[in-house]
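What the coordinates show
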Amino acid sequence: MSYFTILRFNQATTLNRYLLEKCLRQYIIVRANVYSTGINNNHQKYTCKKERIARRKALRSRILQDIKHTKRKVEEIIEKENIWTLPNLLCMGRIVTSPYLSYLILSQDYEVALWLLIIAGFSDVADGWIARTWTSQASKLGSFLDPCADKLLVGTLFLSLAWVGLVPIPLTCLVVVRDVALVSAASYIRYRSLPPPKTLARYFDPTHATAQLAPTYISKINTGIQLSFVAGTLAAPIFHFVNHPILEGLCYVTALTTLAGGISYLISKNTYKLLSKKTPTKPSQ
C-alpha cells in the first residue's frame, strides 16, 4: 500500500468522524429542544389549570357573596313580624276544627256540630276584637289568615250540608266558587308582593309580611249571614223546622250577599295594600 493511499484513508476516517460527531451534536440539540419544549408545554398546562381553578374559586366566592348580599337586601325590604299572636291561634283553631265539623255533619251528629259552630263563631268575633284592641296582637298575617279560615270553615260546612241534603247545591256551588276565586287572588297578591328571589321557602314563610288584606264591609256582612244560615240549617233537624219559610228566605239572602261580596272585592280599590320598606326616622337634634 502506497503512502498516498494511507494518507487518503486517514483523511477519510477523520472526515467521517467529524461528520458523525456533528450529526450526534445536532441530534442531541434537537432532543434537548424537544425535551425543553415538552417541559414548557407541561408547565404551561399546569399553570393554565391552576389559573382555571383560581378563576372558578373566585367566581364561586363572588356568587356566594352576591347571594348573601341579595338576602340581606331582601331582609331589609320585607317586614318580619311576630306571628304567634292570640288572634292567629284562634284562626288556626277554626282551620283545624273545619274537618271535624264536616265529619260530625256527615255522621248526622247535628247537635255537637251546632255547638262547635257556635264556638267557632265566637272565636271569629274574638280574634277581630283582640286584634283591634291590642295593637301588639295585630299582624299582617292575620289579615290573610282570618278570611282564609272563614272561607275554609264556611266552604266545608256548605259542602257537608249539601251532601246530606240540607243546603241547595246551586247555593253551595256559588259560595265555593267565590271563595276559591278569593283565595286564588290572595295567593297571587302574595306572589306579586314578594321581592325577588321568589322561592317557595320565602313564599310560605309567614313571618315575611309583604301585603295586607282589608275585607270589604259587604263581605263581613256576608260572612255573618252565611254563618247564621249554616247555624239555622244545623238547628233545623234538631228542633224540627226543616224547609221553614224563614230558612228559605235566609237562603236567598245568603246567595245575594255572596254575589254582592264577590263584586265588592272587584270594584273596591282598598281591598289589599302592598307593604314597602320601612324607612328609619332620624332622631331629632
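Residues numbered from 1 in each chain as written. Predicted model: local features only at pLDDT ≥ 70, side-chain atom pairs only at ≥ 80, totals over all residues. Heavy atoms only, no water.

A closer look at the overall build of the chain
On a plain count of helices and strands, the chain comes out with eight helices and four strands. Start at the N end of the chain and walk to the C end: the helices and strands fall as α-β-α-α-α-α-α-β-β-α-α-β. Expressed as a percentage of contacts within the chain between residues at least 6 apart in sequence, the contacts between residues at least 24 apart total 78%. Surface accessibility of the chain: about 19,500 Å² in total, with carbon and sulfur atoms responsible for 66%. (Helix = DSSP H or I, 4+ residues; strand = E, 2+ residues; numbered from the N terminus. Contact = heavy atoms within 4.5 Å. Areas by Shrake-Rupley, 256 points an atom, 1.4 Å probe, with all protein chains shown as cover.)

Description of the UniProt feature "transmembrane region" (unreviewed entry) in the chain
The positions that UniProt labels "transmembrane region" (unreviewed entry) are, in the present scheme, residues 112-131, 152-177 and 246-268. Its end C-alpha atoms 29 Å apart, residues 112-131 is made of 100% helix and 0% strand. When the span residues 246-268 is considered, its composition is 96% helix and 0% strand, and the gap between its end C-alpha atoms is 32 Å. (UniProt positions renumbered as here; feature names shortened; annotations may be inferred.)

Concerning the packing of aromatic side chains
Tallied over the entire structure, the rule returns three aromatic pairs. When the centroid spacing of 6.3 Å and the interplanar angle of 25° are considered together, the rings of Tyr 100 and Tyr 103 count as stacked. Note that Tyr 100 and Tyr 103 are positioned in helix H2 (residues 86-106) at a spacing of three residues, about one turn of the helix. When the ring of Trp 129 is compared with that of Trp 134, the centres are 5.4 Å apart and the planes differ by 85°; the resulting orientation is edge-to-face. Assessed through its relative accessible area of 48%, Trp 129 is described here as partly exposed. (Phe/Tyr/Trp six-rings, centres within 6.5 Å; stacked < 30°, edge-to-face > 60°. Buried < 20%, exposed > 50% of the residue type's maximum accessible area, 1.4 Å probe, protein only.)

Focus: H2
If you check H2, its first and last C-alpha atoms are 31 Å apart, about what 21 residues at 1.5 Å a residue would give, namely 30 Å. The largest bend in H2 comes to about 30°, at Ser 98, with the proline Pro 99 one to four residues further on. Every buried residue of H2 is listed here: Pro 87, Asn 88, Cys 91, Arg 94, Ser 98, Leu 101, Ser 102, Leu 104 and Ile 105. Its buried side turned inward, H2 meets helix H3 (110-133), helix H4 (140-163) and helix H7 (217-239). Looking one or two places after H2, you find Gln 108, whose phi comes out positive at around 60°. (Expected span 1.5 Å × (residues − 1). Bend = angle between axes of the 7 residues up to and from the residue.)

Some thoughts on unusual backbone geometry
One non-glycine residue, Gln 108, adopts positive backbone phi at about 60°. Relative to the elements of secondary structure, Gln 108 occurs in the loop between H2 and H3. The class of Gln 108 is exposed, set by a relative accessible area of 54%. If you check the backbone angles, His 240 has positive phi at about 60° while not being a glycine. Relative to the helices and strands, His 240 resides in the loop between H7 and helix H8 (245-267).

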